[in-house]
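Given next are the chains, with one letter for each unit.
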Amino acid sequence: GEGIVDGYKLYISDDDIVNNDDFITNQTGTTYSLSDLEDLVIEYGHTYYWKVVPYNNNGDAEGCPVWSFKTPTTTQLAESFENATFPPTGWANPGTWSRNTYTIKHGIASATKYGSTSSQYILSTPKVSITDDSTLDFWSNCSSTSGILQIVYSSDRTTWTQLGSNITFAATYTWYHNVIDLSSLAGNNYYLGFRTAYSGSYYVDAVFGPEITPEAPGPVTLTSPANGATMVKTLPTFTWTAPTTGGIPTLYTVLCDTFTPPTTSIGTTTNLSFTPTTPLQNSTQYYWTVKAENSEGSSTAEPFSFT
């Protein structure tokens, strides 16, 4: 309406008063990347306020609305599956969901699973601490209007209980915004899960939830060298899978020597594999394990042996 626009003035403030001091840019385009900001540092766990003022030679538009957005905290559940590693750290994927880069709501990826009428498939978040005002906020999409997605919760990632009613889809391949009230679970720490309940391709993206529960990680699962393996090379690559219980590990320590349980650290890593630089001895039986740790504590898996 009114006169033809010559350009736009963008204002962003870290409080609810947006004035001329909060000016960011003057441009003709209708998008702006926050990564271009120099004078305003976008911080974790903060609410920001912004507005756009169109203008031309006759002046600025009046009555432009102020909107707000909030960034997650550093310890909050906030995941949009951008990292190529899947599932993300702290998540569990017994339902064989996968990362998808074609049907997305935010960024460059989403989580996807083709469901079944006879089986249910769960992708679960890290354990979160639920309070009276907690919600699970996410976007979902399905290839079928018969599709059913369920939100479930568990204390052990073994027994799951559905929370609320089924999530259905009025149109195919359409993103729907879901905000699930978690207040009925307040005072508890639970894993939250996305569970398919009918056939169709399901997509989940931009997941935001409560604070991740601060606790020591559970034990990893050792994979290679296999327990009892022989003829293992003297520079083996040790591999394991992330813990499925407890907190998110920030470091893994590989322990390996000729005694059980092994106590000698041969290296640390943040990955799920490690190759030592010093060769082991030939014709020798070794024991190895991995200690998963974070700021809350650690846990060590039952050791494997190899020769």
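Before reading further, recall that the structure is shown in the block above.
Every value quoted in this text rests on a predicted model; they were computed, and no experiment measured them.

**Some details on the packing of aromatic side chains**
Scanning the model with the defined rule gives 15 aromatic pairs in all. The interplanar angle of 65° and the centroid separation of 6.3 Å between the aromatic rings of Phe169 and Tyr202 together place this pair among those described as edge-to-face. Note that Phe169 is positioned in the loop between β12 (161-167) and β13 (176-181) and Tyr202 in strand β15 (residues 200-212), a separation of 33 residues in sequence. Grouped by ring-pair contacts, the aromatic residues Phe238, Tyr286, Trp288, Phe304 and Phe306 constitute a single cluster. Just above the ring of Tyr55 sits the side chain of Lys9; from NZ or CZ to the centre is 5.2 Å. Residue placement shows Lys51 over the ring face of Tyr11; its charged tip is 5.6 Å from the ring centre.

**So, the sheet that holds strand β20 (residues 273-274)**
Pairing between sheet strands relies on hydrogen bonds along the backbone, with the strands arranged either parallel or antiparallel. The strand order across the open sheet built from three strands is β16-β17-β20, with neighbouring strands paired in antiparallel fashion. One side of each edge strand has no neighbouring strand; the edge strands of this open sheet are β16 (221-224) and β20. Bridging between β16 and strand β17 (residues 238-241) involves three bridges; their strand directions are antiparallel. Bridging from a neighbouring strand, Ser224 pairs with Thr239 of β17.

**A word on the layout of surface pockets**
Reported here for the second largest pocket is a volume of approximately 190 Å³. Taken together, 13 residues make up the lining of the second largest pocket; nearest its centre are Glu2, Gly3, Pro54, Asn56 and Ala61. Taken together, the elements giving at least two residues each to the lining of the second largest pocket come down to β3 (47-56) and β4 (59-60). When residues in the lining of the second largest pocket are grouped by element, the largest group, three residues, is from β3. A class-by-class count of the residues in the lining of the second largest pocket yields five nonpolar, five polar and three charged.

About the criteria used
- Residues numbered from 1 in each chain as written.
- Predicted model: local features only at pLDDT ≥ 70, side-chain atom pairs only at ≥ 80, totals over all residues.
- Heavy atoms only, no water.
- Phe/Tyr/Trp six-rings, centres within 6.5 Å; stacked < 30°, edge-to-face > 60°.
- Helix = DSSP H or I, 4+ residues; strand = E, 2+ residues; numbered from the N terminus.
- Lys NZ or Arg CZ within 6 Å of the ring centre and 35° of its normal.
- Pairing = 2+ DSSP bridges.
- 1 Å grid on protein atoms, 1.4 Å probe; cavity = no way out; pocket = protein on both sides within 12 Å on 5 of 7 lines; lining within 4 Å.
- Points joined across faces, edges and corners; volume = space filled by probe spheres on them.
- Nonpolar A, V, L, I, M, F, W, Y, C, P; charged D, E, K, R; others polar.

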